[in-house]
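One letter stands for each residue in the lines below.
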Amino acid sequence: MYDNKFLPKLSQNLLEVLEDNEFYDITIEVGHDPHVKIFRAHMRDDGAMTHIKLPNILPEIFQMILRYIYGGRLSLEEYDTSDIIKILIASSELNLQELITHLQLFLIETKKDWMEQNFNLIYETSFENNSFSKLQNFCTELMSKEPEKIFNSIDFISISENCLISLIQHDNFQMSDIQVWEHVLKWGIAQNPDLSLDLSSYSKDDFNTLKNTLQQIIPLIKFYNLTPSEFADKVYPYKKIIPKELRDKLIRDFIIQPSNKPESKTISKEISPESIDSRIITFQHVELISKWIDKLKTTDKVKNLYEFKLILRGSRDGFSSHKFHEICDNKPYTITIIKVKDSNEILGGYNPLTWNSESGYVTTKGSFIFSFKNKENIEDYVLSHVKNEKFATYNHTDYGPSFGYDLILYGNNGYDESYCSSHIRTYANLIRETNNYFSVEEYEIFQIMKE
């Protein structure tokens, strides 16, 4: 207790050392041209001079951090919230763990309203750095419980596509589907400044521009939860931006045959065992996969026994990546089923978004992969949900359907260089016990008839 009275004096003395430019053994070059500033500090005891460069930190931010390092002083109430975010990012670069925790707690406890209004900045900042777990939890909880605050934030139109997809796909997301559609349109139009808010002025190119912007998001909209009037008033005017197959089905169900639409606003196409067009899986597999899609336990009763529509079969259409992309690109809600050559293994994966021929990873929380040791024993399976959603699926013209690093179809002669990596993992569980290459004896891709 008595020792504490010396701390303020010690802190002041250390700050005076900081201000002393005569005796120093470290020079720190902060910022980048044309805003470079040189700081001098005394931190060594061996008399050697050291020069450090920190180009990613602003000089004024580094000055604040130096006062914390020397004197343990950082009066956050004096700073703008945006500066506190910059201090947090700089603290991470300098690995100041105690300060990182303190800054996150301060923001959450005192700047909650500001962070809600500037959600995109907080989201992008927090998920770019694994050290910001408390801010990540703040974002996740807000997305789950109060998504309307994000949609109404001042920087909503600036959020990334990945952020918007994560928001819509969140397990506990609570917002009416027509509101989601309206906000998605608002976001899509805002990404293209040349697009007008007046739909009557749209040209064919304008519709194509908006369609391309929203191609990964539209498959996530639960159109079948809308009422006929909501569809007619809010969706039908934008029919040209909806993929043709989905558009034709929506028009048929909502406009041509509206009387067939259930009052519950839910449509699932039930199937019989005889209707499974597969050489690899059985009706029992379809039941189990349907439960996985709906996030049910294996003991739960099936809610939606989805129709599995065969769109590609290797033995019929070929085993090339070119043919895969030709047939399957731009089709959402697909199940890939793979029969491993010279084995009884069945591998597979679910992609709720679309495949495409552009190189790169795609973000989604809804994908999963799985394996069965053999076709006959349906209970001997491994189910693995995505854990690093930013690398959930991979698109490339030279690759077949690929899920992160965990299930890759690649190669010639039946995808003969396919593999499941155990070293770099995107999904929670290993679905195969070996990293060895395998070839594909047969594979099938189904599009499920899902809302």
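Asks: Help me out: how do you make sense of helix α6 (residues 119–127) in this one?
Replies: For an α-helix, the turn length of 3.6 residues means that residues three or four places apart are oriented alike. Turning to α6, its buried residues number three or more, namely F119, N120, I122, Y123, T125 and S126. Its buried side turned inward, α6 meets α3 (81–93), α5 (112–117), α7 (133–145), α8 (147–151) and α9 (161–169).

Asks: Would you explain the sheet that holds strand β11 (residues 440–448) in this entry?
Replies: Picture the strands of a sheet paired through backbone hydrogen bonds; they go either parallel or antiparallel. Reading across the sheet, the six strands line up as β4-β11-β5-β6-β8-β9 and stay open at both edges, with antiparallel pairing between neighbours. Edge positions in the open sheet fall to β4 (308–313) and β9 (381–385), since each of these has one partner strand only. Along the sheet, successive strands turn relative to each other by an average axial angle of 20 degrees, direction set aside. Here five bridges tie strand β8 (residues 368–372) to β9, and the two strands are oriented antiparallel to one another.

Asks: Could you clarify how one ought to interpret the packing of α6 against α7 in this entry?
Replies: What describes two packed helices is the angle between their axes and the distance between those same axes. Contact pair α6 / α7: the axes reach a minimum separation of 9 Å and the direction vectors enclose 130 degrees. By the criterion of interaxial angle, the relationship of α6 to α7 is oblique. The two elements α6 and α7 meet at a crossing, and its hand is left-handed. Contact residues: F119, I122, Y123, S126 and F127 in α6; L135, Q136, C139, T140, L142 and M143 in α7. Here the contact of α6 with α7 is composed, by residue class, of eight nonpolar, three polar and no charged.

Asks: Before we go on, may I ask you to explain a nonpolar patch on the surface in this structure?
Replies: On the surface, a cluster of nonpolar side chains totalling about 270 Å² of accessible area is made up of Y236, I255 and I256. Examined against the element boundaries, I255 turns out to sit in helix α13 (residues 244–256). On the accessibility criterion, I255 (38% relative accessible area) is partly exposed.

Rules behind the numbers
Residues numbered from 1 in each chain as written. Predicted model: local features only at pLDDT ≥ 70, side-chain atom pairs only at ≥ 80, totals over all residues. Heavy atoms only, no water. Buried < 20%, exposed > 50% of the residue type's maximum accessible area, 1.4 Å probe, protein only. Helix = DSSP H or I, 4+ residues; strand = E, 2+ residues; numbered from the N terminus. Contact = heavy atoms within 4.5 Å. Pairing = 2+ DSSP bridges. Axes fitted to C-alpha atoms, helices over the stretch in contact; angles between N-to-C directions. Parallel < 35°, antiparallel > 145°, perpendicular 65-115°, else oblique. Left-handed = near helix turned anticlockwise from the far one by under 90°. Nonpolar A, V, L, I, M, F, W, Y, C, P; charged D, E, K, R; others polar. Patch = residues over 30% accessible without salt bridge, like charges linked within 9 Å, V, L, I, M, F, W, Y side chains within 5 Å. Areas by Shrake-Rupley, 256 points an atom, 1.4 Å probe, with all protein chains shown as cover. Salt bridge = Lys/Arg side-chain N within 4 Å of Asp/Glu carboxyl O.

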